[in-house]
Amino acid sequence: MDSREVESIAKGYFSDLFMSRGIGNMDHILSRVHSCILESMNLILLAIYADAEIIKALKRMGPIKASGADGFSTIFYQKYCHIIGKDTCDFCLNILNNGNSLEEINKTQLVLLPKTANPTNLKNYRPISLCTVIYKIIAKKVANRLQKVLDGCIDDAQSVFVPSRLVFDNVLLAYEVLHSFKNKRAGRKGFMALKLDMSKAYDRVEWPFIRGIMV
């Protein structure tokens with residue numbers, strides 16, 4: 001099998017895996033989701049972005065991570081910030097503050113990363129998107145803003161990627177639950193634990209649904 005055949009098979013597999021299956025009427029779901037962004041939170045989210053925030057985000061990014069479609073890595077922007085910093089800030093702020101189009105920089109390279117030491121089929125690979133540094137800066141600034149209000153939006157059961165919460169909290173809780181199951185000796189009622197493997201759950205959420213939830 002030559003490289004073109006491998007490419008065709010991989011493209012077909014992941015295209016089918018991540019293809020939109022369509023989405024029905026979401027009203028019955030969204031009607032159960034109550035708004036949790038207070039006016040004070042909204043003021044934080046809608047505040048004007050400044051040059052200093054862009055530079056701060058740039059400095060905190062990994063300098064030698066894989067570059068995107070344009071071939072420029074983060075270290076290039078960091079090292080020559082004194083030359084291109086102003087232009088970089090102006091470009092990002094025009095998008096963040098003025099709503100300019102992302103089309104010019106919204107280009108990614110898809111790369112397959114092996115999930116095991118000796119992958120034997122395409123299920124053992126995970127596709128990642130290599131974005132341009134400018135796109136990453138803008139996304140990082142939006143994410144930083146959202147992070148300030150996440151604690152009031154995300155359910156207590158979600159313990160990852162939320163400030164002041166640790167994934168180990170859920171690990172300890174699961175351990176305690178299973179321990180209580182194991183040591184139950186009295187009564188006729190039994191208990192069971194159900195482990196669900198939600199394969200690629202985040203990657204396969206429909207974009208219209210995400211937008212509906214965000215709104």
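Structure: see above.
Attention here is on the structure that accompanies the text. Model, not experiment: these values are computed from the prediction. (Residues numbered from 1 in each chain as written. Predicted model: local features only at pLDDT ≥ 70, side-chain atom pairs only at ≥ 80, totals over all residues. Heavy atoms only, no water.)

## Digging into the layout of surface pockets
Each pocket or cavity is described by its volume, and for the second largest pocket that value is around 180 Å³. If you go around the second largest pocket, the residues you meet are E53, K56, A57, R60, K140, K141, N144, R145 and K148. Contributions of two or more residues to the lining of the second largest pocket are made by α4 (51-59) and α7 (133-147). It is α7 that contributes the most residues to the lining of the second largest pocket, four residues altogether. Of the residues contributing to the lining of the second largest pocket, the split by class is one nonpolar, one polar and seven charged. (1 Å grid on protein atoms, 1.4 Å probe; cavity = no way out; pocket = protein on both sides within 12 Å on 5 of 7 lines; lining within 4 Å. Points joined across faces, edges and corners; volume = space filled by probe spheres on them. Helix = DSSP H or I, 4+ residues; strand = E, 2+ residues; numbered from the N terminus. Nonpolar A, V, L, I, M, F, W, Y, C, P; charged D, E, K, R; others polar.)

## Description of the nonpolar core
Residues I54, L58, C92, V133, I134, I137 and I138 are the most contacted members of the largest nonpolar core, which totals 15 residues. When contributions to this core are tallied by element, the ones reaching two or more residues are α4, α6 (81-96) and α7. Sort the elements by how many residues they give to this core and α6 lands first, with five residues. In contact with I54, other than residues within four places in its own chain, are C89, C92, L93, L96, I137 and K141. (Core = buried A, V, L, I, M, F, W, Y, C linked by side-chain atoms within 4.5 Å. Buried < 20%, exposed > 50% of the residue type's maximum accessible area, 1.4 Å probe, protein only. Contact = heavy atoms within 4.5 Å.)

## Comments concerning the packing of α4 against α7
In the contact formed by α4 and α7, the axes pass within 9 Å of each other and the chain directions differ by 110 degrees. Comparing their axes, α7 and α4 come out roughly perpendicular. Note on element contacts: α7 touches α4 through V133, I137, K140, K141 and R145, opposite E53, I54, A57 and L58. (Axes fitted to C-alpha atoms, helices over the stretch in contact; angles between N-to-C directions. Parallel < 35°, antiparallel > 145°, perpendicular 65-115°, else oblique.)

## Considering a nonpolar patch on the surface
A contiguous nonpolar surface patch, about 390 Å² in accessible area, is contributed by L166, V167, F168 and V171. Relative to the helices and strands, F168 resides in helix α9 (residues 167-182). (Patch = residues over 30% accessible without salt bridge, like charges linked within 9 Å, V, L, I, M, F, W, Y side chains within 5 Å. Areas by Shrake-Rupley, 256 points an atom, 1.4 Å probe, with all protein chains shown as cover. Salt bridge = Lys/Arg side-chain N within 4 Å of Asp/Glu carboxyl O.)

## Notes on the packing of aromatic side chains
Overall, the coordinates contain seven aromatic pairs when judged by the stated rule. On the basis of an interplanar angle of 10 degrees and a centroid distance of 6.3 Å, the ring pair of F14 and F18 is categorised as stacked. With F14 and F18 both in helix α1 (residues 3-18) and four residues apart, the pair spans about one turn of that helix. The class for F14 is buried, based on a relative accessible area of 10%. Residue classification places F18 among the partly exposed positions, given a relative accessible area of 32%. Arranged with centres 5.5 Å apart and planes meeting at 50 degrees, the rings of F76 and Y80 form a pair that is tilted. (Phe/Tyr/Trp six-rings, centres within 6.5 Å; stacked < 30°, edge-to-face > 60°.)

Everything listed here is a matter of geometry and, on its own, says nothing about what the molecule does.
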